[in-house]
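Close look at the chain arrangement
One-letter residues, chain by chain:
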Amino acid sequence: MSSERRRAELAEKRAKLAELKAARAERASALSSAASSRPASTLPLEERSTTAEVDDIMQRALGNEYRRSIGPGSGSGRTSRASEQEEGSVGPLASPAPAAQPSTVPSTTEGSDRGSVPVQMVDAYTSPMTLTSSSIELYDLPPRQKVTYDKSIQTSEPYAPSTHDRASSTPDSSGLANGGGAGRETAEEMRARLMAEFEEERRVLDAAIAEETARAAQEAEEARVRGLDAPALGAVLTSPTFLEFLGSSSKIVQRALSDSYDYLRDYTVTSSGEKESEGQKVRLLGSWYEERWGRGRSVTGVQWSPKFPELFVASYNKNPMAVNEPDGIACVWNLHLLERPEFVFHSQSDVLSVSFTPFHPNLLVGGTYSGQILLWDTRSRHPNPVLKTPLSASGHTHPVYSLSMVGTQNAHNLISASTDGTVCGWTLDMLAKPQESIELTHPAHNKTDEVSITALGFPATETATFWVGTEEGNVYAANRYDRAGAKAGLVQSELYRGHSGPVTGIDFHPVEGPVDLSDLFLTSGVDWTVKLWRTGVGAGSGKGGVVSPLMSFEEADDYVYDAKWHPKHPAMFGTVDGSGKFDLWNLNVDTEVPVVSTSVAPSAPRGLNKLAWDRGEGRRAAIGSSDGKVYVYEISQELATPREGDWEQMRKQCSAAAAGAPGSELMGR
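Scoring rules and cut-offs
- Residues numbered from 1 in each chain as written.
- Predicted model: local features only at pLDDT ≥ 70, side-chain atom pairs only at ≥ 80, totals over all residues.
- Heavy atoms only, no water.
- Helix = DSSP H or I, 4+ residues; strand = E, 2+ residues; numbered from the N terminus.
- Contact = heavy atoms within 4.5 Å.
- Areas by Shrake-Rupley, 256 points an atom, 1.4 Å probe, with all protein chains shown as cover.
- Buried < 20%, exposed > 50% of the residue type's maximum accessible area, 1.4 Å probe, protein only.
- pLDDT = per-residue confidence, 0-100.
- Pairing = 2+ DSSP bridges.
- Core = buried A, V, L, I, M, F, W, Y, C linked by side-chain atoms within 4.5 Å.
- Salt bridge = Lys/Arg side-chain N within 4 Å of Asp/Glu carboxyl O.
- Axes fitted to C-alpha atoms, helices over the stretch in contact; angles between N-to-C directions.
- Patch = residues over 30% accessible without salt bridge, like charges linked within 9 Å, V, L, I, M, F, W, Y side chains within 5 Å.

Moving on: the overall build of the chain. Helix and strand content of the chain: 13 helices and 32 strands. The contacts of the chain with a sequence gap of at least 6 include a subset with a gap of at least 24, amounting to 52%. Accessible surface computed for the chain: about 38,100 Å², of which carbon and sulfur atoms make up 53%.

Quick look at the structure:
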């Protein structure tokens, strides 16, 4: 080891120094005896230089240690002063001095020989040399141990001591057994020790984790029992994230609670009393109403979703008592959610008409009392419209009571009509300006040429020609574009005259079945009647191109606000009136009275404003009431399903009425 070598070197130097000091002491003793017999000036030059040589040898051997040991004024100083004396330099050192007194110099030899030896100065002209002794403390610092891994640690093989270790080891050294190495543990022992340490650390860590978990659970329980303070609770309850979560989750729960299915029904028990009452043709499914949005408002429009059969939309007018609420709203209702709507959309004016877009199920359009056309999106987080038309002369400036979507998936337009006689065509992606605009005027009017439109209808297969009902009670045909022999605007040669009051609704026959009845349409009016018409001058036309209705149905006791054809049955349609009655007519069964007449909310009858059939089987009818409620009725399968000969029979009924067959004038009277 390096420390052992260092000790050996120091010991050798100390021995050499002792030898040199012993030789110098002997020579000093001999010189003092000789100096007593002869003067110092007679000494030879070789003897005077002996002391300087010894000092040089000692300085080279011991370095700074020897210089410190002899002290100042000794060593090479004596050599220089001797040289100056030889050269005959003049100075204090060159002046003769009395004989030097013997001095005591401590010896640096080790052991018991250490003592003081009298020495006679060699040169009479040199000052006496004074030697001092110093102690040196040696510290034996072991080198820092390096942690290394050998094969016995890295592998599972037991450590095999080398030949040198076996030779150097003795049976009684350190009490080792079986020659296992100089205090080294085997791989198995190390593995067992490490595993024990790991187990102990894991046990301590598991105990700390369990303690921390228990403390956290206790703190959470204390916080739960204590609850949030008022500011923190208010911040949570009013945060948008919490409100959105609460609305969506509560909506799901309410859907499940509103489901009429009996989850606890026992199918092993049968009872005749559980059968659905036979002969019930119309059954009320429920009324959809929310106090916040429906109070003080009337339903102005109803329509079913073209994609989701359980959804329908209803529009509402203004509540004069709620000044802080929007003037008009549109609510999307779900059949499985009675107490609250799925979506609520706002408007700055009364919403008079509303419609789903058949080619974009997420979009809804509405016509307002101010003349604006609004576009809402169910994917939007805000209730306000995403697009709306400007309040300018380029669009509508009067109430819009009628909307209709015409065209195909790739080319469709929204057609709107207002009470000032303006008909506009819009594209849904650009409502800033109408794509087309037509002013409907009639020169035969007494005070003004304008035609006040209250209802608008397109035949199922027609996109260029449409029919409008007016406040004066007449129905007119009009063209969107210039045609061969006809210009855009009202067809002056056709006048459908039959109502004695404003027309409230118009609806064309749907194209379903083997017989084309798309030229038939119904109109309802405030004269308590419903009229059946056929398009064209040739059908029941009179003098001057006046067209008379094929049939007139006068069973109502109040204003008839709406009439709609059944989407599947060719001879069935429904009407709603101001007395709160919902009537179903089947012209193949009876043309004088409805086959089913139902009083909606008989305990508190209210006027019924709008009617809409679902787009599927036509077994559900949504009815909008003047008290803000939407009633949904289910029609029996027998009543809603047409028989094989119903189409042909309906065609014959209309042909007989158009030809003026006997009894046709009395139909419906």
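Turning our attention to the side chain of Gln372. Relative to the helices and strands, Gln372 is located in the loop between strand S9 (360-368) and strand S10 (373-377). Taking relative accessible area as the criterion, Gln372 reaches 10% and is therefore assigned buried. Excluding anything up to four places from it in sequence, Gln372 contacts Gly366, Gly367, Lys388, Thr389 and Leu391.

Bringing the confidence of the model for the chain into the picture now. Per-residue confidence for the chain gives a mean pLDDT of 78; residues scoring 70 or more make up 76%. When mean pLDDT is compared element by element in the chain, strand S5 (residues 311-316) scores highest at 94, while strand S1 (residues 103-106) scores lowest at 39. When the criterion is pLDDT under 50, residues 273-277 qualifies, and its contacts beyond four places in sequence or with other chains add up to two contacts. Predicted confidence is poor over residues 661-669, with pLDDT under 50, and the contacts of this stretch with residues over four places away or in other chains come to 18 contacts.

Where burial is concerned, most of strand S16 (residues 453-457) is hidden: five out of the five residues are buried. Relative to strand S17 (residues 465-470), S16 runs antiparallel, the two sharing four bridges. Residue pairing across strands places Ala455 opposite Gly469, the latter belonging to S17.

Let's shift gears to the nonpolar core. Leu520, Leu532, Phe553, Phe573, Leu587 and Met650 are the most contacted members of the largest nonpolar core, which has 21 residues in total. Those elements that place two or more of their residues in this core are strand S22 (520-525), strand S23 (530-534), strand S25 (551-553), strand S26 (560-565) and helix H13 (646-658). No other element matches H13, which puts four residues into this core.

Turning next to the pattern of salt bridges. Applying the stated criterion across every chain, the model contains 20 salt bridges. Notably, a salt bridge pairs Arg191 with Glu188, separated by 3.1 Å at the nearest N-O pair. Of this pair, Arg191 and Glu188 both sit in helix H8 (residues 187-226), separated by three residues, roughly a single helical turn. For Arg534, the salt bridge is made with Asp519, and the minimal N-O distance between the two is 3.3 Å.

Moving on, we get to the sheet that holds strand S29 (residues 596-599). The antiparallel open sheet is built from four strands, whose spatial order is S26-S27-S28-S29. Both outer strands of the open sheet, S26 and S29, are each paired with one neighbouring strand and no more. The mean angle between the axes of side-by-side strands here comes to 15°, regardless of whether they run parallel or antiparallel. Alignment of S26 against strand S27 (residues 572-577), held across five bridges, turns out to be antiparallel. Within S27, the position partnered with Asp562 by the bridge is Val576.

This brings us to a nonpolar patch on the surface. A cluster of nonpolar residues, Leu228, Leu233, Val236 and Leu237, forms a patch on the protein surface that exposes about 330 Å² of accessible area. Within the fold, Leu237 resides in helix H9 (residues 230-237). Judged by its relative accessible area of 41%, Leu237 falls in the partly exposed class.

Before going further, it helps to spend a moment on the side chain of Arg340. Assignment of secondary structure puts Arg340 in the loop between strand S6 (328-334) and strand S7 (343-347). With residues near it in sequence (within four places) discarded, Arg340 still touches Gly247, Ser250, Lys251, Gln254, Glu290 and Trp333.

Take unusual backbone geometry next. Most peptide bonds adopt trans geometry, and most residues besides glycine take a negative phi value. In this model, Trp528 sits at a positive phi of 70°, which is unusual for a non-glycine residue. Structurally, Trp528 is set in the loop between S22 and S23. Residues other than glycine seldom take positive phi values, yet Ala601 does so here, at roughly 50°. Mapped onto the elements, Ala601 comes out in the loop between S29 and strand S30 (608-613). Among the residues examined, Ala601 registers a relative accessible area of 24% and is labelled partly exposed.

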